[in-house]
Structure formats: C-alpha cells, structure tokens
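Residues per chain, in single letters:
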Amino acid sequence: MSASHLTKTALAHSLKCLMEHMPLNKITVKHLVDGCGVNRQTFYYHFQDIYALLGWIYETEAVESIHEYRSYDTWTEGFYKIFCYIENNKAFCCNTLESLGRSHLDGYLYQVTHDLIMGVIDELACGVKVRGEDKEFIANFYTLAFTGLIIQWMRNDMKEPPKQIIDKLSELIEGNVVRALYKYEHKYQH
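Residues numbered from 1 in each chain as written. Predicted model: local features only at pLDDT ≥ 70, side-chain atom pairs only at ≥ 80, totals over all residues. Heavy atoms only, no water.

## Re the overall build of the protein chain
- The number of helices and strands found in the protein chain is 11 helices and zero strands.
- Ordering the α and β elements of the protein chain from the N terminus gives α-α-α-α-α-α-α-α-α-α-α.
- Seen through its principal axes, the protein chain has C-alpha atoms that stretch 65 × 35 × 25 Å.
- Out of the 190 residues in the protein chain, the part that is buried amounts to 43%.
- Across the protein chain, the fraction of contacts at a sequence separation of at least 24, relative to all contacts at a separation of at least 6, is 71%.
- Split by element, the accessible area of the protein chain, about 10,400 Å² in all, is 53% carbon and sulfur.
- Positive and negative side-chain charges in the protein chain, numbering 19 and 24 respectively, have mean positions lying 4 Å apart. (Helix = DSSP H or I, 4+ residues; strand = E, 2+ residues; numbered from the N terminus. Buried < 20%, exposed > 50% of the residue type's maximum accessible area, 1.4 Å probe, protein only. Contact = heavy atoms within 4.5 Å. Areas by Shrake-Rupley, 256 points an atom, 1.4 Å probe, with all protein chains shown as cover. Lys, Arg positive; Asp, Glu negative; His and termini not counted. Charge placed at Lys NZ, Arg CZ, Asp CG, Glu CD.)

What follows is the structure, encoded as structure tokens:
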C-alpha cells in the first residue's frame, strides 16, 4: 500500500471516528488532522475539503466489493452487502444522511446499486434486441426504487432485517425485468 493511500486511510479513519459523536458539519480539518497526526497541508495535498474525503471513503470502502455480484443469481447477495456496509458503519452513514454530505451517500448508493442492476439487466437482455437507453431507463427505475428503500430503512432506524427487505424485493421484481425488456424489444420492432 502506498504512503499516499495510507495517509488517506488514516484521514478516513479519523473522520469516521469523529462522526461517531459529532455531526459532520461541526468537524473541522483541524479535528481531522489532530486525530491522525498529520498537518493541515498534508490533508489539503490529498483532499480539497472534508466532503472530498467523505466521497473518497464511500468510493473506496465498498464499491469494489460489490462488483462480483452483478448477475441475476447473485444480485441479492450484493444488495445484502450494501446493507451490511451501512449497518457496520451506522454512525458514519446516518451522520452523512443528516448532513450537507448527503449527496455523497446518495451517489455511493446509486453507483453500487446501479452497477448491480445493470449487470443483471445486461445478463437478462442477452439475445433480446433492446436499445441501450431502454436498458438504462429500466436500470435507473430500479436503482432509484432500491436506493429509496435503503434511505427509508436508515430513517426508520434500520429496524427491518435486510434479508426480509431483499426477499420482498426479489418477489417483487422476479420476472418483471425480463417482461420489461421484451416489451421494449417489441415496441421498436413494429
């Protein structure tokens, strides 16, 4: 691991620790650097501001770990990993949800969910003549629905077990993505 990555990781750890007991908008760069023993200049060498660090955390901590679950048979496992990440980083994620950094959480959730859904759609669309923008529309629809469910789950203090939510989702969408793909295929053949 490079020295640059180690420094970024230390800053990320410092921010996550501070967010356990302090709202994001109250955290300063001084708090961060004091928490990990680097100076302000070092922080600004790596990040423009605290929100850039926040975005880096979401991009690097969980996005790559979901990549292998982009198939019809494994999407539920990938979605479960998203829930687990949020549960394991509850203070960090909930603090982000209630802050000006909310767009970073939204972006993270959208990106990882969209990747999962698009992988499933690409697999199911094999052999079906569907325009790319139609596949994207279907992926966007399900991504927004899924991310909305996750945000609502967080707002409800994460009470419902993730497996239960995923089972409901699975029942809801089973066959519907394929049905939508065929409808779009037939729509443009006439």
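## Notes on helix H10 (residues 162-173)
- Here H10 is 12 residues long and its end C-alpha atoms lie 16 Å apart, about the 16 Å a rise of 1.5 Å per residue gives.
- Those residues of H10 that sit buried are Pro162, Ile165, Ile166, Leu169 and Ile173. Seen along its axis, H10 keeps its buried residues to an arc of 95 degrees; they face one direction.
- Residues of H10 that are buried sit in contact with helix H6 (75-88), helix H9 (132-155) and helix H11 (176-187).
- At the exit of H10 stands Gly175, carrying a positive phi of roughly 85 degrees. (Expected span 1.5 Å × (residues − 1). Arc of directions from axis to C-beta.)

## Observations regarding the domain arrangement of the protein chain
- By domain assignment, the protein chain separates into domain 1 (1-49) and domain 2 (65-187).
- The centre of domain 1, based on its C-alpha atoms, is set 30 Å off from the matching centre of domain 2.
- Listed as interface residues are six residues of domain 1 and, on the opposing side, eight residues of domain 2.
- Here domain 1 meets domain 2 over a buried area of about 580 Å², counting both sides, of which 63% is carbon and sulfur.
- Taken together, the links from domain 1 to domain 2 amount to four residue pairs in polar contact (both at pLDDT 80 or more).
- A per-class count over the side of domain 1 that touches domain 2 returns four nonpolar, no polar and two charged. (Domains from an automatic or database assignment. Buried area = accessible area lost by both parts, 1.4 Å probe. Polar contact = N/O pair within 3.5 Å; in protein donor to acceptor, adjacent residues only side chain to side chain. Nonpolar A, V, L, I, M, F, W, Y, C, P; charged D, E, K, R; others polar.)

## Here we look at the environment of Gly107
- Along the chain, Gly107 falls in helix H8 (residues 102-124).
- On the accessibility criterion, Gly107 (34% relative accessible area) is partly exposed.
- Distance in space between the C-alpha atoms of Gly107 and Met154 is 16 Å, their sequence separation being 47 residues.

## What about H6?
- Compared with an ideal rise of 1.5 Å per residue, which puts 14 residues at 20 Å, H6 spans 20 Å between its outermost C-alpha atoms and is within 8% of the ideal.
- Looking only at H6, the buried set comprises Trp75, Gly78, Phe79, Ile82, Phe83, Cys84, Tyr85 and Ile86.

## What about unusual backbone geometry?
- Residues other than glycine seldom take positive phi values, yet Asp157 does so here, at roughly 65 degrees.
- Topologically, Asp157 is positioned in the loop between H9 and H10.
- Residue classification places Asp157 among the partly exposed positions, given a relative accessible area of 43%.
- Non-glycine residue Met158 carries a positive phi angle of around 55 degrees.

## A few points about empty space enclosed by the protein
- The full count for this structure, using the stated rule, is one cavity of 30 Å³ or more.
- In this structure, the largest cavity is lined by Tyr72, Trp75, Ile117, Val120, Ile121, Leu124, Tyr142, Ile173, Gly175, Val177 and Val178.
- The set of elements that each furnish at least two residues to the lining of the largest cavity consists of H8 and H11.
- Broken down by element, the lining of the largest cavity gets its largest block of residues, four residues, from H8. (1 Å grid on protein atoms, 1.4 Å probe; cavity = no way out; pocket = protein on both sides within 12 Å on 5 of 7 lines; lining within 4 Å. Points joined across faces, edges and corners; volume = space filled by probe spheres on them.)

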